[in-house]
Amino acid sequence: MASYHKPEAKIVQELRDIANKLRIDSITSTTASKSGHPTSCASIAEIMSVLFFHTMRYKLSEPRDPSSDRFVLSKGHAAPILYAAWAEAGLFPVEDLKNLRKLGSDLEGHPTPRLNFIDVGTGSLGQGLAIAAGMAYVGKYYDQASYRVYCLVGDGESAEGSIWESINFASHYKLDNLCVILDVNRLGQSEPTPLGHDIETYCKRLEAFGFETIPVDGHDVEALVKALHIASTTKDKPTALVAKTFKGKNFPDVENFENWHGKPLGNKADVIVQHLKGLIKNAGPLQIHPRKPLKDDAPVIDITNIKLSSPPAYKLGEEIATRNAYGTALVKIAQSNPRVIALDGDMKNSTFSEKLKQYDPKRFIECFIAEQNLVGVAIGAACRDRTVAFVSTFATFLTRAFDQIRMGAISQTNVNFVGSHCGVSIGEDGPSQMGLEDLAMFRSIPGSTVFYPSDAVACERAVELAANTKGITFIRTNRPATPIVYENNHVFEIGKANILRSSEKDQVLVIGAGVTLTESLKAADQLAAMGISIRVLDPFTIKPIDKQAIVANAKAVGGRVISVEDHYPEGGLGEAVLSAVALERNILVKVIAVPKVPRSGPPNALLDYYGISAKHIVNAVQETLKL
């Protein structure tokens, strides 16, 4: 075995002692908080000891140093032992562990990036491996640096399909800088896991996906050191340590027993702590073996102030789909910054993200039809501000990854989502392909910014703005071509609406976006021929919505407002408008939206059939004027 040196007996014992010290810390913190998962911590104590005090390379003074190894605790409920590892390493006082789960403490029940040693939030199981794979992809193919990525996965969460999506991804891209550690402790929350301690079957499954697998006794320090060395020297494939462990290891009368998940030890705590202290051989302070120095080779990058390489270049009235404009804008911002990347779920020729692949194949990551992994990889890729990531697929398919997107917000991630094929306007493909809930979903994400560009000019600028916006962003793009309504030099701002038709005689304010803005403008022309003048507002962003503009223009037309959207009524544009005027007197809002699950048909026929075409807007205006 290449350059493997068996650790000295003294070091092995030190690592054993640290493992038991971490167990004590986990008991102390969960006992103080009267909640937590000490038994889940106990099964990984030796793994954490070897990783943090022997194998991993990191700067204690700067935990998020770009050259440091990454660690993702996918089984986030074992957070107390992760906190204990950093405390014992010297990052903060061990005494602070007693603040676990207390209001105001950053040592929360599951890890979040409020802590400077946590990259991503975990705890919703099955997600950590995708994030780790994203980190590893960036490390291998973009940073081309020496840092490695370690992901500790629980055997219970391996029942999640998202785990196997990520395993498939990691193998396909030969992420040999990724090491997965599977904690096979046999016990789930309410009963034993399906495979129990069947290590052989776990290994066969991982090998079938193309992993190098290493079965290991997860409580044998020397075996773990050797296994992690093998992982570090394995080339062209990711490695998985399949570790047989015991829940509650070294806890007398608790180890390997059911019904201890998520429970502090209560009146057993003192006895178990004394037992653990008896297992520690060093009488005095622990002599922690120096870790290997990291190689400071991650490049310095700058992902600020990203601009389109050239302004939009369209003609008024020209028809082009905003999804097409998205692809164009993606290439333009990629031309101005080498860290702009695109990820897609085998929809690139429909979302037009393929334009970036054609421009620079290295900056396109195909994640195939596995949307949960797609989102997780993007979160990992954006970690530590290493890339500006744009994720695209059909808007409706992003609903499959809502939990990953939600956790992305908890992770304080900066990922940009682009959902094409929204609404009934996609036509004949039918309701399974129609994004009709996407605005509601992304509006519900804390800190999100939701763009709904209505033409190609607006879409290019939305992409540029999203690339520079903190938090999660969503850009809704259309399948059908829509006419250019903005001049190429128009200035767009987040949270600022645009008035496209207005006069002093306006009687109703109509608010539309995307295809319904086009229909609103058609309706304005038809109404003008009847002698009725309406004002047409394009919100540009649905969140934040321009409350000031909506209220001011509503009052200017006598308080009559109609919103029209290619979306279900719940949570979309209409409800955003209603929220904007909720505290205003004498403003009436009529919401026109897709009222029920639609059917297949030609796009224009569907707009008409479901009541969101120009004809229906005209009718709504006439009805409103009678009130």
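Note that this is a predicted model, so its numbers are computed, not measured. (Residues numbered from 1 in each chain as written. Predicted model: local features only at pLDDT ≥ 70, side-chain atom pairs only at ≥ 80, totals over all residues. Heavy atoms only, no water.)

Draft legend 1. Just the sheet that holds strand β3 (residues 178-184), in detail. Taken in spatial order, the five strands line up as β1-β2-β3-β5-β4 in an open sheet, and their pairing is parallel. Unpaired on one side and paired on the other, β1 (70-73) and β4 (212-217) mark the two borders of the sheet. Looking at each pair of strands side by side, their axes are set apart by 20 degrees on average, direction ignored. When β3 meets strand β5 (residues 239-244), the two strands line up parallel, connected through six bridges. For D183, the partnering residue across the bridge sits in β5 and is A243. Contacting β1, β2 (149-154), β3 and β5, helix α3 (residues 45-55) crosses the sheet at an angle of about 170 degrees to β2. Where helix α5 (residues 128-143) meets the sheet, it contacts β1, β2 and β3, and its direction lies at approximately 170 degrees from that of β2. (Pairing = 2+ DSSP bridges. Helix = DSSP H or I, 4+ residues; strand = E, 2+ residues; numbered from the N terminus. Axes fitted to C-alpha atoms, helices over the stretch in contact; angles between N-to-C directions. Contact = heavy atoms within 4.5 Å.)

Draft legend 2. Representation of the packing of helix α1 (residues 9-33) against helix α4 (residues 79-89). Between α1 and α4, the shortest axis-to-axis distance is 9 Å and the interhelical angle comes to 120 degrees. Relative to α4, the element α1 lies oblique. Considering the relative orientation of α1 and α4, their crossing is right-handed. On the side of α1, the interface is formed by K21, L22, D25, S26, S29 and T30, while α4 contributes P80, I81, A84, A85 and E88. In terms of residue class, the contact of α1 with α4 is built from five nonpolar, three polar and three charged. (Parallel < 35°, antiparallel > 145°, perpendicular 65-115°, else oblique. Left-handed = near helix turned anticlockwise from the far one by under 90°. Nonpolar A, V, L, I, M, F, W, Y, C, P; charged D, E, K, R; others polar.)

Draft legend 3. Spotlight on the nonpolar core. The biggest cluster of nonpolar side chains holds 85 residues, and the ones touching the most others in it are F169, L175, L178, L343, I405, F417 and F442. Among the elements that make up this core, the one with the highest residue count is α5 (nine residues). One finds I11, A19, L73 and A89 within the second-largest nonpolar core, a separate group that totals 50 residues. (Core = buried A, V, L, I, M, F, W, Y, C linked by side-chain atoms within 4.5 Å. Buried < 20%, exposed > 50% of the residue type's maximum accessible area, 1.4 Å probe, protein only.)

So far we have only geometry, and geometry alone does not tell us how the molecule works.
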